Amino acid sequence: MPVDAKYKTTATASGGGRDGKTALADGTMSLQLVVPKELGGPGGDGANPEKLFALGYSACFLGAMRVASTQTKIPVPEGTTVTATIGIGPRSEGGFGITAELDAYLPGLAQPEAAKLIEATHNICPYSNAIKASVDVKTTTRS
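Residues numbered from 1 in each chain as written. Predicted model: local features only at pLDDT ≥ 70, side-chain atom pairs only at ≥ 80, totals over all residues. Heavy atoms only, no water.

*Asks:* Please provide a residue-by-residue account of the domain arrangement of the protein, values included.
*Replies:* The assigned domain composition of the protein is domain 1 (1-47) and domain 2 (49-141). Here domain 1 and domain 2 have C-alpha centroids that lie 21 Å from each other. Each side of the interface is counted separately: domain 1 has five residues, and domain 2 has five residues. Both sides together, the interface formed by domain 1 and domain 2 hides about 520 Å², and carbon and sulfur atoms give 67% of it. (Domains from an automatic or database assignment. Contact = heavy atoms within 4.5 Å. Buried area = accessible area lost by both parts, 1.4 Å probe.)

Here it is as structure tokens:
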């Protein structure tokens, strides 16, 4: 399905990939990467692709929730947060895969409305759309 990209950004990774560096072409961000101990690396300070995915997915989903709110007429309560937990590990079919969990905190919103808003958000969020064929995203909604 074609996408009419309204915005693009570019990053370059160097070094060893997961144990190198990554930087945005516009110079606004550069990160040292480190392999987590759980994946055989040294761990410690530094980012990794899963941390970056969790940051992006949580922010993107919250933004998409605001769009879904206008479509569903369900208000996003003040103080709403989205927490993304991203995992990585071997797949039974070979190679590696990711897991994704989203915890949406919608203070004071009734559970049926919260569930409807989260479902609508999944249909809008670019991250959800990008992974829905390969990752079962688990969601928790709290109010």
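Text resumes after the structure shown.
*Asks:* I'd like to hear about unusual backbone geometry, residue by residue, with values.
*Replies:* For K73, which is not glycine, the phi dihedral falls at a positive 65 degrees. Judged by its relative accessible area of 68%, K73 falls in the exposed class. (Buried < 20%, exposed > 50% of the residue type's maximum accessible area, 1.4 Å probe, protein only.)

*Asks:* So what about the nonpolar core? Which residues, and what values?
*Replies:* In this structure, Y57, F61, M65, L106 and L117 are the most contacted members of the largest nonpolar core, which totals 25 residues. Put simply, the parts of the chain that give this core at least two residues each are helix 1 (49-72), strand 4 (81-90), strand 5 (96-105) and helix 2 (111-124). Sequence-distant contacts of L117, that is, excluding residues within four places in its chain, are made with M65, A68, S69, T72, I74, P75, V76, L106 and L109. (Core = buried A, V, L, I, M, F, W, Y, C linked by side-chain atoms within 4.5 Å. Helix = DSSP H or I, 4+ residues; strand = E, 2+ residues; numbered from the N terminus.)

*Asks:* Tell me what's going on with the sheet that holds strand 1 (residues 11-14), and back it up with residues and numbers.
*Replies:* The antiparallel open sheet is built from three strands, whose spatial order is 1-2-3. Single-partner strands in this sheet number two, and they are strand 1 and strand 3 (30-32). Each strand of the sheet is rotated relative to its neighbour by a mean of 15 degrees, with strand direction disregarded. Pairing between strand 2 (residues 21-24) and strand 3: three bridges, direction antiparallel. Bridging from a neighbouring strand, K21 pairs with Q32 of strand 3. (Pairing = 2+ DSSP bridges. Axes fitted to C-alpha atoms, helices over the stretch in contact; angles between N-to-C directions.)

*Asks:* Could you give an account of the packing of aromatic side chains, with specific residues and numbers?
*Replies:* In total, this model carries four aromatic pairs according to the counting rule given. Note on F53 and Y57: the rings are 5.7 Å apart at their centroids and 75 degrees apart in plane angle, and the pair reads as edge-to-face. A residue pair is termed a helical-turn pair when its members lie 3 or 4 positions apart in one helix, as F53 and Y57 do in helix 1 at four residues. Relative accessible area serves as the criterion here: at 22%, F53 is assigned to the partly exposed category. On the numbers, 5.4 Å between centres and 65 degrees between planes, the contact of F53 with Y127 is edge-to-face. Here Y127 lies in helix 3 (residues 126-131) and F53 lies in helix 1, a separation of 74 residues in the sequence. An aromatic cluster of at least three residues, connected via ring pairs, comprises F53, Y57, F61 and Y127. (Phe/Tyr/Trp six-rings, centres within 6.5 Å; stacked < 30°, edge-to-face > 60°.)

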